[in-house]
Amino acid sequence: MHEFRYVAGRLHCERIPIESLVRRHGTPLYVYSERTLREHFQRLDSALAPLDHLVCYALKANSNLAVLRTFADLGAGFDLVSGGELQRVMAAGGDPGRCVFAGVGKSEAEIALALRAGIYCFNAESEPELHRINRVAAGLGVRAPVAVRVNPNVDAHTHAKITTGTYENKFGIAFEEIPAVYARAAKLKHLQLRGIQMHIGSQLTEVKPFRLAVERVAPLARDLANRHGIEFFSIGGGIGIVYQPALASADPKWWRTPAARQILTPATYAAALVSLLQPLGLRVLLEPGRFLVGNAGILVTRVEYVKRTGRKTFVIVDAAMNDLIRPAFYDAYHEIVPARKLTGKARPCDVVGPVCESGDYFAKDRPLPPVKEGDYLALLSAGAYGSVMGSNYNTRPLPAEILVRGAKAGVVRERQPVDAIWSHERLAAWQR
Ligand SMILES: *Cc1c(COP(=O)(O)O)cnc(C)c1O
């Protein structure tokens, strides 16, 4: 569920009409609903209440400081993948002691930064990494808390670019090798074996792969707790969200339709997993990214031209693949709705951006009501892996971002001034 809906024919975020935001802040514009962020966190957190647990928000999905602050205020931990993300969490007032650090390529500088900040745990992805963490910790005279990421070899049946839990992927250490890896790591003096971690993929819409992976890894976690005294089992992120029908899913009634049964909810997730996890007596960590932010954000764009060529209608908008790359990168579907309800027969349109790439599209052959120049369109479910993947390709400034709470709107990222794009560039000495 989320807080984007039509009231009297105008699309609102909570109590604010989208049109009033674009009049004030221009387009392209990301708009986030604080209430949706909070509700998603609280629904997941309360579904897991029977377990000693910590929800660590995977901030690579959306790392805006205001988003991080919202979750920090709710008591969230954070799942980081770089030193930069750790610095962001601290800048937003998050607690490093509730952070886990994932990723296959942690540098020595990043490991030292995280040790000095006092993070909760490193999630290591290889033995060379364990040795490196041990060495850096020795240099600082501390013991580094570590967990190893186990690859359970379970196919999550999701898009190839977001499946991570099979032996075809670069992530984690093979299930069969884990006991020996822990036995060797236990001999490294500057490591403290604190947990075991897994993450099988992203945008999972069924609970089965999660259940299979937890069933597979739970006995291993128990064994590691007995042998090495680990205290947590992180079951990763990957809970999918509604991309289609995104608008309809704002309505609680939609959640009682048969279509809604295809969606993984916190209740279904918890119902399948709590009984498997509770007997372990370990702390359970979750690392959801998309689930917490995906439906809480939209990207608003202005129609610049409507171009008819042969049999096709192209709706050319002012947002582009540099603002939201998911359709080009993952073949992702984003529902597109007008900021003001339009009447008239829907016709198939290609919604495209101004960037000089044929991959720069948001939708192909999408039925849209008759839109014209100057209309505003919203791409829904754009809160996750949207603005964070933004680039300056074609020297296009990054969009502004707005956080809405009720009838209040705060600018949480200013539109990037165009000269900021080249502000770190220089002419070579011989050109000056
Ligand atoms: C990306 C990632 C997540 C979050 O994935 P979502 O699908 O956004 O929930 C969690 N854990 C790890 C290790 C990741 O790489």
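Small disclaimer: the values here were computed from a predicted structure and weren't measured.

A. Region of the structure containing the side chain of Ser33. Looking at the secondary structure, you find Ser33 in strand S4 (residues 29-33). Separated by 2.7 Å, the side chains of Ser33 and Glu14 make a polar contact. Sequence-distant contacts of Ser33, that is, excluding residues within four places in its chain, are made with Glu3, Phe4, Cys13, Glu14, Ala296, Leu403 and Val404.

B. Broad picture of helix H5 (residues 108-117). The complete set of buried residues in H5 reads Glu110, Ile111, Ala112, Ala114 and Leu115. The secondary structure elements touched by the buried residues of H5 are helix H4 (83-91), strand S7 (99-101), strand S8 (121-124), helix H6 (127-140) and strand S9 (144-151).

C. Molecular detail of the pattern of salt bridges. Enumeration over the complete set of coordinates arrives at 20 salt bridges. Note that Arg302 and Glu304 form a salt bridge whose closest N and O atoms lie 3.2 Å from each other. On the basis of relative accessible area, Arg302 is assigned to the partly exposed category, the value being 24%. Here Lys312 and Asp350 are joined by a salt bridge, their closest N and O atoms 3.1 Å apart. Taken as a pair, Lys312 in strand S15 (residues 312-317) and Asp350 in strand S17 (residues 347-352) lie far apart in primary sequence, 38 residues in all. Look at Lys312 and you get partly exposed, because its relative accessible area is 30%. Judged by relative accessible area, Asp350 falls into the buried class, the value being 5%. Residues joined by salt bridges that share partners form a network here, namely Glu3, Arg5, Arg35 and Glu39.

D. A look at the sheet that holds strand S3 (residues 16-17). As summarised here, the arrangement of the three strands in space is S1-S2-S3, forming an open sheet in which the pairing is antiparallel. Looking at which strands have only one partner, the edges of the open sheet turn out to be strand S1 (4-7) and S3. Where S1 meets strand S2 (residues 10-13), four bridges bridge the pair, whose relative direction is antiparallel. Following the sheet pairing, Tyr6 is matched in S2 by Leu11.

E. Focus on H6. Between its first and last C-alpha, H6 extends 20 Å over 14 residues, near the 20 Å set by a 1.5 Å rise per residue. Regarding H6, the residues found buried are Glu129, Leu130, Ile133, Asn134, Val136 and Ala137. In this structure, the buried side of H6 is in contact with H5, S8, S9, helix H7 (178-185) and strand S11 (191-197). Regarding H6, its N-cap is Ser126, as a side-chain oxygen of that residue lies 3.2 Å from the backbone nitrogen of Glu129 further along.

F. Quick look at the pairing of S9. Counted residue by residue, S9 has eight buried out of eight residues, so it is predominantly covered. Neither face of S9 is left uncovered, since the one carrying Ala144, Val146, Val148 and Val150 and the one carrying Pro145, Ala147, Arg149 and Asn151 both have all their residues buried. Bridge count for S8 against S9 is three bridges, and the pairing is parallel. Within S9, the position partnered with Ala124 by the bridge is Val148. Handedness of the crossover joining S8 and S9 through H6 is recorded here as right-handed. Pairing between S9 and strand S10 (residues 173-174): two bridges, direction parallel.

G. Geometry of the packing of helix H8 (residues 208-228) against helix H9 (residues 266-277). Two elements in contact, H8 and H9, have axes whose closest approach is 10 Å; the angle formed by their N-to-C orientations is 5°. The angle between H8 and H9 falls in the class roughly parallel. Where H8 abuts H9, its residues Phe210, Arg211, Val214 and Glu215 lie against Tyr269, Ala272, Leu273, Leu276 and Leu277.

H. Just the site of the ligand, in detail. Taken together, 14 residues form the shell around the ligand, and within it Lys60, Ser202, Glu287, Arg290 and Tyr385 come nearest. Within the complex, 93% of the 390 Å² of free accessible area of the ligand lies under protein. Looking at side-chain class alone, the shell around the ligand contains three nonpolar, six polar and five charged residues.

I. Examining the domain arrangement of the protein more closely. Taken domain by domain, the protein comprises domain 1 (34-290) and domain 2 (295-420). In this structure, domain 1 and domain 2 have C-alpha centres spaced 31 Å apart. Summing the contributions of domain 1 and of domain 2, the shared interface buries around 2,100 Å²; its carbon and sulfur component is 53%. The tally of links between domain 1 and domain 2 comes to one salt bridge. Its salt-bridge partner being Arg405, residue Glu34 comes within 2.6 Å of it at the nearest N-O pair. Our count for the contact surface shared by domain 1 and domain 2 stands at 11 residue pairs in polar contact (both at pLDDT 80 or more). Among the elements of the structure, helix H2 (34-47) and helix H3 (65-73) are those that each provide at least two residues to the side of domain 1 that touches domain 2. Examining the composition of the side of domain 1 that touches domain 2, we find that five residues originate from one element, H2, more than from any other. Here the residues of the side of domain 1 that touches domain 2 are counted per class, giving 10 nonpolar, eight polar and five charged.

Rules behind the numbers
- Residues numbered from 1 in each chain as written.
- Predicted model: local features only at pLDDT ≥ 70, side-chain atom pairs only at ≥ 80, totals over all residues.
- Heavy atoms only, no water.
- Helix = DSSP H or I, 4+ residues; strand = E, 2+ residues; numbered from the N terminus.
- Polar contact = N/O pair within 3.5 Å; in protein donor to acceptor, adjacent residues only side chain to side chain.
- Contact = heavy atoms within 4.5 Å.
- Buried < 20%, exposed > 50% of the residue type's maximum accessible area, 1.4 Å probe, protein only.
- Salt bridge = Lys/Arg side-chain N within 4 Å of Asp/Glu carboxyl O.
- Pairing = 2+ DSSP bridges.
- Expected span 1.5 Å × (residues − 1).
- Right-handed = clockwise from strand over helix to strand, strands pointing away.
- Axes fitted to C-alpha atoms, helices over the stretch in contact; angles between N-to-C directions.
- Parallel < 35°, antiparallel > 145°, perpendicular 65-115°, else oblique.
- Near = heavy atom within 4 Å.
- Areas by Shrake-Rupley, 256 points an atom, 1.4 Å probe, with all protein chains shown as cover.
- Nonpolar A, V, L, I, M, F, W, Y, C, P; charged D, E, K, R; others polar.
- Domains from an automatic or database assignment.
- Buried area = accessible area lost by both parts, 1.4 Å probe.

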